Amino acid sequence: MNKAHHLVEKSGQALFVLFIIVMILRINTYFMVSENPTITRIFKTGLRTALTGASFLMLRSIVQNGVQTRFKWENILAFLIYLLYLFLGFASLLWSSDPGWSGLQIAMDLECVFFVLYYWKALLAFNDQAHIRKKIPFDYILWVSISWVAASFLVGAVAVPDTFFRGTHGGEVQRLGGWVINPNELGMLCVVGAGGLYVNLMRVGLSTWKVIAWIIILVALVLTQSRSSLISFFMTTLYFVMISGRAKLIVPTIVIGAVAAPVVFFTIFVKDGDVGEVMSMTGRLPFWDDLLTYGFTDRPLYGFGFMRIHYNTNFPSIHAFPGAMTHNTFMQLLLNLGMMGAVVCGSQMLFTFRGFMREKDPYLRHIFMGMIFGILVNSFTEFGIFGDANYGIMLWLFLVMMFVLKTNDRPFYKQKAGIYERYVAV
């Protein structure tokens, strides 16, 4: 092993920890740290910029240690069309109902693109070295970082309940997330963490720490009282149980799910005994109807500008609540950039899924499936992948980048008899 390889191998454990710390901090940049919007904005902008710089420096340090990595681009249209989407958003400053707000959102989305690009590139550069026995798997980064975030919310809920719990339905329902983050967004993050954990279980098996992490994630998810996140959690869990091919795992899961379904429905889905709220999706259906009837028809072709849904900050819904966002990322897109935006982003999603369908590496395919349910279900009810700046956008960009930027034709992990083994080059 030459000097360069020795340096990279020696720094592997430090980088392993650093990748996780950067991801934890990045997730934290989407939280409200103060009631003062100026302080929160400075915190978010400063830390996000610093973390993007840190990702760039990680990549540079790996390259400077003598690592020779050749990156190659595949499924490039998925990435280029996403850049076209941002360019269209930039052009919308010419007609936006609030150019300042639109410009800020574009800047944050563009910064997120650079963060994901540098982070993923650094991860690829390190893992591409065949002599390194201990890789840095993305599934591990996901479940470890998200379980730590979930644990911090559980501790906060005990220490400062007024901050980490949000009361709804006249205070009868308390939801984890509080005023730090939208509970539905926290729920989505927990689902993605569970997905990463399932991939890790397939790859290297069960351990005590993984059981503890899964319990932490599940408790946090239940306490968010997020109906959409629970649905995506069941979808993610069922998917990995079914592909395991083990009857001893599949049958108990189906039985437990059938028994738990009525309890979950009447304790979490039907809040305060209001079935009508569930049927209207917490007032979203009449709100969406008003958005299409009185908002979209005003500017059907080009919309109100990037991340704008009306002439004013809040859309004055007639049959529902006034809102500054649509609670549906695809509806948000229609109001923001009209039919032009819908065509562009629809094409971007199409090419991303095309990359998934053509992917031969089972590891990347399972990572995609571990993340996609939580991200897409959340996109139908909250900010989502084309909404106001949130970590759903960041996670979607990682899915895009998985099938766009690569280093070689060798998988990180090979599959044998349906079970992942650590990939070690011979």
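Residues numbered from 1 in each chain as written. Predicted model: local features only at pLDDT ≥ 70, side-chain atom pairs only at ≥ 80, totals over all residues. Heavy atoms only, no water.

Counting its regular elements, the protein chain contains 16 helices and six strands. The buried share among the 426 residues of the protein chain stands at 52%. Of the contacts formed within the protein chain by residues at least 6 apart in sequence, a portion of 76% connects residues at least 24 apart. In the structure as shown, the protein chain presents an accessible area of about 18900 Å², 69% of it carried by carbon and sulfur atoms. (Helix = DSSP H or I, 4+ residues; strand = E, 2+ residues; numbered from the N terminus. Buried < 20%, exposed > 50% of the residue type's maximum accessible area, 1.4 Å probe, protein only. Contact = heavy atoms within 4.5 Å. Areas by Shrake-Rupley, 256 points an atom, 1.4 Å probe, with all protein chains shown as cover.)

Our focus in this paragraph is the nonpolar core. Counting residues in hydrophobic clusters, the biggest one holds 104 residues, and the most contacted among them are Tyr 85, Tyr 119, Phe 138, Met 371, Tyr 391 and Met 394. Excluding its chain neighbours within four sequence positions, the residues that come into contact with Phe 138 are Met 23, Tyr 119, Trp 120, Leu 123, Tyr 363, Ile 367, Met 371, Phe 398 and Met 402. Core analysis: the second largest hydrophobic core is formed by 10 residues, Leu 291, Ile 309, Met 331 and Leu 335 among them. (Core = buried A, V, L, I, M, F, W, Y, C linked by side-chain atoms within 4.5 Å.)

The subject of this paragraph is a nonpolar patch on the surface. Judged by side-chain polarity, Leu 206, Val 211, Trp 214, Ile 215, Val 219 and Leu 223 come together as a nonpolar surface patch covering roughly 490 Å² of accessible area. Within the element layout of this structure, Leu 206 appears in the loop between helix H8 (183–204) and helix H9 (208–224). On the basis of relative accessibility, which here comes to 67%, the residue Leu 206 falls in the exposed class. (Patch = residues over 30% accessible without salt bridge, like charges linked within 9 Å, V, L, I, M, F, W, Y side chains within 5 Å. Salt bridge = Lys/Arg side-chain N within 4 Å of Asp/Glu carboxyl O.)

On to the packing of aromatic side chains. Counted according to the given criterion, the structure contains 32 aromatic pairs. An aromatic cluster of at least three residues, connected via ring pairs, comprises Phe 19, Phe 115, Tyr 119, Trp 120, Phe 138 and Phe 398. Directly above the aromatic system of Phe 115 lies the positively charged group of Arg 26, at a separation of 4.4 Å from the ring centroid. Between Arg 365 and the ring centre of Phe 356, over which it is positioned, the NZ or CZ distance is 4.6 Å. (Phe/Tyr/Trp six-rings, centres within 6.5 Å; stacked < 30°, edge-to-face > 60°. Lys NZ or Arg CZ within 6 Å of the ring centre and 35° of its normal.)

A word on the pattern of salt bridges. Applying the stated criterion across every chain, the model contains seven salt bridges. Ionic pairing is found between Arg 308 and Asp 98, a salt bridge with its closest N-O pair at 4.0 Å. Taken together, the residues span a long stretch of sequence, with Arg 308 in the loop between helix H13 (284–296) and helix H14 (329–358) and Asp 98 in the loop between helix H4 (76–91) and helix H5 (99–127) at a distance of 210 residues. Judged by its relative accessible area of 5%, Arg 308 falls in the buried class. When the shortest N-O distance is used, the salt bridge between Asp 139 and Arg 203 registers 3.1 Å. Residue Asp 139 is found in helix H6 (residues 138–159), and its partner Arg 203 is found in helix H8; the two are separated by 64 residues along the sequence. You can call Arg 203 buried: its relative accessible area is 3%.

Bringing the packing of helix H15 (residues 362–379) against helix H16 (residues 391–402) into the picture now. One can describe the packing of H15 onto H16 by two numbers: an axis separation of 10 Å at closest approach and a directional angle of 155°. Considered as vectors, H15 and H16 are oriented roughly antiparallel to each other. In the crossing of H15 with H16, the sense of the turn from one axis to the other is left-handed. The residues of H16 that touch H15, namely those facing Leu 364, Ile 367, Phe 368, Met 371, Ile 372 and Ile 375, are Gly 392, Leu 395, Trp 396, Leu 399 and Met 402. Here the residues of the contact of H15 with H16 are counted per class, giving 10 nonpolar, one polar and no charged. (Axes fitted to C-alpha atoms, helices over the stretch in contact; angles between N-to-C directions. Parallel < 35°, antiparallel > 145°, perpendicular 65-115°, else oblique. Left-handed = near helix turned anticlockwise from the far one by under 90°. Nonpolar A, V, L, I, M, F, W, Y, C, P; charged D, E, K, R; others polar.)

Functional significance is not addressed by these values, which are geometric in nature.
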